[in-house]
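Report on the structure
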Amino acid sequence: MQLVLLLFLSRAFVILTYVPGIGNSISGASILFGNIIGYAVVLLFFVPLIVMAKKYPERSLVMNLSYAFCRLGPFISVIYYLFIVLLASNTLAHFQFFMVNAVFTEANVWVIILPMMAVAVYAAHIGIEGISRSGFLVTIGFTIAFLFILFSSIPNVEMVNVKLPVDGRMREIALSAYMVVSNTVEVLLFYLLLPYCNRKIKSGVFGLVISLTVLTELVTFFIVSVLGDFAASQTFPFYALASLSELSIFQRLDALHMGIWVFVAFIKLSLLIFLGTEILKFITPNNKSGEPYHRISLLITAVLILGFAVPACYYIEWLRILYRILYSGIPVILLGVIVPIIVLWRLRILKKKQSLKRKDG
């Protein structure tokens, strides 16, 4: 359950600044249908992970790469490491972009990113157990705040805004589904967290996909039905939704949104720094005593993340390039589906060769 909550919060980080049909004029109904189809495809993407977890328990994809391709495995693992570093850099820059443009418009970049980076590095140093416990508490706070915002938005719902497309319905639905697939990088993160899971992988996969489907559908429905065409002009539609919503006990629901955003960003960044550090420890040589360079790996990972994030904080085009690379759909399909299938195929061949040698012996 802790793993599911961590990956749920990781995806929620993106969904909280989600713009329905970004860059395209798509009807609300098509987006809602496309979300469901997209997560159905994501569920299929998890099939190789379930097989890998069953056949090779307590081994991550990076570990299986070394078993399958020996010396070539660590070189392939570098690609996963770079992806995690870029994803963490995008997370930090995205966090700063929201805070500076929506909340603290006069704040200095370093005042925003350095405290977040410091606490995230410390959490990664403590380990996955500390991050998981924090994730459980953050999920409770996130759920309460999220429901407050949605509940207060109900009086503003206008079903006329959830309109059907005039033509090109299937194209709009397919485009919306692909956007869901390309943004769900948690498929890849799940592979890297396998050594920390028990064997109830199927339950975790179904729980994650169902919870993400519900979250995305709720966010999409309220943004589309409340904001209508106005949502397309907003950089942060859900934040705008929170700003328009009011409850008698909370006059500033946008402040509530800011609070959950900070904690969700902390969990995602901590998790990515931890995973990057673990990959680097695995693919680099040990020190003279035979122990991995834990502190150096953490330091190197943190410096690289900060190095890629700072330019994205100052230049919006660099942030857009990072987004296009990470959420184009290619990383999810290539690193989260194709490579795992090849690894499983290779491990199966090696297993057959070993069994034939035993028979010949």
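Residues numbered from 1 in each chain as written. Predicted model: local features only at pLDDT ≥ 70, side-chain atom pairs only at ≥ 80, totals over all residues. Heavy atoms only, no water.

A few words on helix H11 (residues 237–244). In terms of burial, H11 is a largely internal element, 6 of the 8 residues being buried. Considered for burial, the residues of H11 that qualify are Pro-237, Phe-238, Tyr-239, Ala-240, Leu-241 and Ala-242. (Buried < 20%, exposed > 50% of the residue type's maximum accessible area, 1.4 Å probe, protein only. Helix = DSSP H or I, 4+ residues; strand = E, 2+ residues; numbered from the N terminus.)

This part is about the side chain of Ser-176. Among the secondary structure elements, Ser-176 is positioned in helix H8 (residues 169–183). Under the relative-accessibility criterion, Ser-176 is labelled buried at 4%. In contact with Ser-176, not counting residues within four places along its chain, are Ile-26, Ser-30, Ile-31 and Gly-34. (Contact = heavy atoms within 4.5 Å.)

Taken together, the side chains of Trp-110, Leu-114, Tyr-314, Tyr-315, Trp-318, Ile-321 and Ile-325 make up a nonpolar region of the molecular surface, amounting to roughly 680 Å² of accessible area. Those elements that place two or more of their residues in the nonpolar patch are helix H6 (109–126) and helix H14 (316–326). In terms of residue count, H14 provides more of the nonpolar patch than any other element does, 3 residues in total. Here Tyr-314 is to be found in helix H13 (residues 294–314). With relative accessibility at 45%, the residue Tyr-314 sits in the partly exposed group. (Patch = residues over 30% accessible without salt bridge, like charges linked within 9 Å, V, L, I, M, F, W, Y side chains within 5 Å. Areas by Shrake-Rupley, 256 points an atom, 1.4 Å probe, with all protein chains shown as cover. Salt bridge = Lys/Arg side-chain N within 4 Å of Asp/Glu carboxyl O.)

Next up on the list: H8. For H8, built from 15 residues, the straight-helix expectation of 21 Å at 1.5 Å per residue is met to within 8% by its first-to-last C-alpha distance of 22 Å. Buried within H8 are the following residues: Glu-172, Ile-173, Ser-176, Ala-177, Met-179, Val-180, Val-181, Ser-182 and Asn-183. (Expected span 1.5 Å × (residues − 1).)

On the surface, Lys-54, Lys-55, Lys-202, Arg-348, Lys-351 and Lys-352 cluster together into a patch of positive charge. Listing elements by their share of the positive patch, those giving two or more residues are helix H3 (47–55) and helix H15 (330–360). Among the elements that line the positive patch, the one with the most residues is H15, at 3 residues. Inspection of the secondary structure assignment puts Lys-202 in helix H10 (residues 201–227). (Lys, Arg positive; Asp, Glu negative; His and termini not counted. Charge placed at Lys NZ, Arg CZ, Asp CG, Glu CD.)

One recurring pattern in soluble globular proteins: nonpolar side chains tend to sit buried together. In this structure, Phe-46, Tyr-80, Phe-142, Phe-190, Ile-201 and Phe-238 are the most contacted members of the largest nonpolar core, which totals 121 residues. Not counting residues up to four positions away in its chain, the partners in contact with Tyr-80 are Leu-61, Leu-65, Leu-188, Ile-279, Leu-335, Val-339 and Pro-340. (Core = buried A, V, L, I, M, F, W, Y, C linked by side-chain atoms within 4.5 Å.)

This part takes up the packing of helix H7 (residues 128–153) against H11. Relative orientation of the contacting elements H7 and H11 amounts to 65 degrees, with a least axis distance of 9 Å. Crossing hand, H7 versus H11: left-handed. Note on element contacts: H11 touches H7 through Phe-238, Leu-241 and Ala-242, opposite Phe-146, Ile-149, Leu-150 and Ser-153. Within the contact of H7 with H11, the residues separate by chemical class into 6 nonpolar, 1 polar and no charged. (Axes fitted to C-alpha atoms, helices over the stretch in contact; angles between N-to-C directions. Left-handed = near helix turned anticlockwise from the far one by under 90°. Nonpolar A, V, L, I, M, F, W, Y, C, P; charged D, E, K, R; others polar.)

With that settled, consider unusual backbone geometry. Its identity as a non-glycine residue notwithstanding, Glu-58 has a phi of 65 degrees, on the positive side. Summarising the element assignment, Glu-58 is placed in the loop between H3 and helix H4 (61–69).

Below, the discussion takes up the packing of aromatic side chains. Counted by the stated rule, this structure contains 12 aromatic pairs. Their ring planes at 85 degrees and their centres at 5.4 Å tell us that Phe-221 and Phe-222 sit as a pair that is edge-to-face. (Phe/Tyr/Trp six-rings, centres within 6.5 Å; stacked < 30°, edge-to-face > 60°.)

Turning our attention to the pattern of salt bridges. As a working rule, side chains carrying opposite charge can pair if their charged atoms are close by. Enumeration over the complete set of coordinates arrives at 4 salt bridges. A single salt-bridge network, built from bridges that share partners, covers Glu-317, Arg-320 and Arg-324.

Bringing the environment of Asp-229 into the picture now. Tracing the sequence through the fold places Asp-229 in the loop between H10 and H11. Residue class for Asp-229 comes out exposed when judged on its relative accessible area of 60%. Expressed as a C-alpha distance, the spacing of Asp-229 and Ser-27, which sit 202 residues apart in the sequence, is 9.6 Å.

The next subject is the packing of H3 against H10. Between H3 and H10, the least distance of the axes is 10 Å, while the angle of their chain directions is 155 degrees. As the angle between them shows, H3 and H10 are arranged roughly antiparallel. Relative to H10, the crossing made by H3 is right-handed. Residues Leu-49, Ile-50 and Ala-53 of H3 form the contact with H10, whose own contacting residues are Ile-201, Lys-202 and Val-205. Classifying every residue of the contact of H3 with H10 gives 5 nonpolar, no polar and 1 charged. (Parallel < 35°, antiparallel > 145°, perpendicular 65-115°, else oblique.)

Moving on: the confidence of the model for the chain. Any region with low pLDDT has predicted coordinates that should not be read closely. Averaged over every residue, the pLDDT of the chain is 86; residues scoring 70 or more account for 91%. Mean pLDDT in the chain bottoms out at H11, which sits at 78, and peaks at helix H9 (residues 186–192), which reaches 94. (pLDDT = per-residue confidence, 0-100.)

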